[in-house]
Amino acid sequence: HMLGPVLGGLAVAGFGAQAAFLLDAASSVVAAALVIGIRGCVGGSARRVQDAGDGHRDDADRSMLAGMRVLATDPVLRLLAAGWAGMCVCFAFVTAAELPLAVEFGVDELGLGAIVTSWCIGSLFGAWLARRVRVEQRGPQVLVLNALACAVVFAATGVAPAFWCVLVLMAI
């Protein structure tokens, strides 16, 4: 979240708010392609993190290091982490583009508040839905669908003809 806002600000300054949304859409397609390219078993990492630890389950630093050791030795997890990290950097592009987008539609700070509120509503609904579709059992498929949905939503937001369309899209 430190690099993304800077890059997003540069994209907005150089090419406009729409460019930041389109770059985010492209990053989501790349993340989906990375997940689709995964070959092998996904899952069981929690047990390997416990096994990689040295008996200090309550020590957060040691648990994190154990997790990093598992990540370093697991090509599937490395690919998932790379895809997700790329998407997170580009999500911050959108953060830098939200106010300029609101200004372009003439709704300024109130519009920014509405965009953030729509995003939060969509996040809450997505968290609720994730429990219902049992994401833990469909991990890779859900990640691919999520990344592709983000790509469509951000690309459409970048070219939305009306502000209400932006609000609807940001809630998806």
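Heads up: the structure comes first, above all this text.
Presented here is a report on the structure given in the accompanying data block. Values in this document were obtained by computation on a predicted structure and should not be read as measured data.

Calculation criteria
Residues numbered from 1 in each chain as written. Predicted model: local features only at pLDDT ≥ 70, side-chain atom pairs only at ≥ 80, totals over all residues. Heavy atoms only, no water. Phe/Tyr/Trp six-rings, centres within 6.5 Å; stacked < 30°, edge-to-face > 60°. Helix = DSSP H or I, 4+ residues; strand = E, 2+ residues; numbered from the N terminus. Buried < 20%, exposed > 50% of the residue type's maximum accessible area, 1.4 Å probe, protein only. Contact = heavy atoms within 4.5 Å.

**A word on the packing of aromatic side chains**
Turning to step 1, where the next piece is worked out: Enumeration over the complete set of coordinates arrives at six aromatic pairs.
Turning to step 2, where the next piece is worked out: Arranged with centres 6.1 Å apart and planes meeting at 80 degrees, the rings of F91 and W119 form a pair that is edge-to-face. Residue F91 is found in helix α5 (residues 75-104), and its partner W119 is found in helix α6 (residues 108-132); the two are separated by 28 residues along the sequence.
Turning to step 3, where the next piece is worked out: Take F91: its relative accessible area is 16%, and that puts it in the buried class.
Turning to step 4, where the next piece is worked out: With relative accessibility at 29%, the residue W119 sits in the partly exposed group.

**Examining the environment of M87**
Turning to step 1, where the next piece is worked out: Tracing the sequence through the fold places M87 in helix α5.
Turning to step 2, where the next piece is worked out: The class for M87 is buried, based on a relative accessible area of 2%.
Turning to step 3, where the next piece is worked out: Taking the C-alpha atoms as reference points, M87 and A31, 56 residues apart in sequence, are found 6.7 Å from one another.
Turning to step 4, where the next piece is worked out: What M87 contacts, discounting residues up to four positions off in sequence, is D24, S27, S28, A31, A147 and C150.

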